Amino acid sequence: MGITNANKEIHVSQIPCGGTFQVTLALSAAPDISENPTDIVLVLDRSGSMAGSPLANLKLGASTFIDILDETTDSTQDGQIGS
């Protein structure tokens, strides 16, 4: 079964050069995700425009995302995603 619902929201229609925007991603998964794994790809921009605080924020966001996946798949933040 895996992912049962995916929804994303982007809060702008156009991004000015050097601008920022917010993306909200919501995923729902069936309880049997351990038996029916789902691939998730996290793509990160590390180009020159990400220097300084944007890159630091990107790293924090990616780390938080991985921690959430880790904890929700096996109830602990132990570095193991799923069983």
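Residues numbered from 1 in each chain as written. Predicted model: local features only at pLDDT ≥ 70, side-chain atom pairs only at ≥ 80, totals over all residues. Heavy atoms only, no water.

Q: Requested: an account of the overall build of the chain, with residues and values cited.
A: When helices and strands are tallied, the chain shows one helix and two strands. In the chain, the order of α-helices and β-strands from amino to carboxyl end is β-β-α. The contacts of the chain with a sequence gap of at least 6 include a subset with a gap of at least 24, amounting to 31%. Carbon and sulfur atoms provide 55% of the accessible area of the chain, an area that totals close to 6700 Å². (Helix = DSSP H or I, 4+ residues; strand = E, 2+ residues; numbered from the N terminus. Contact = heavy atoms within 4.5 Å. Areas by Shrake-Rupley, 256 points an atom, 1.4 Å probe, with all protein chains shown as cover.)

Q: Got a sec to walk through the environment of Leu25? Specific residues and values, please.
A: Along the polypeptide, Leu25 turns up in strand S2 (residues 23-29). Along the sequence, Leu25 and Ala6 sit 19 residues apart, while their C-alpha atoms lie 7.5 Å from each other. When near neighbours in sequence (up to four residues on either side) are disregarded, Leu25 contacts Asn7 and Lys8.

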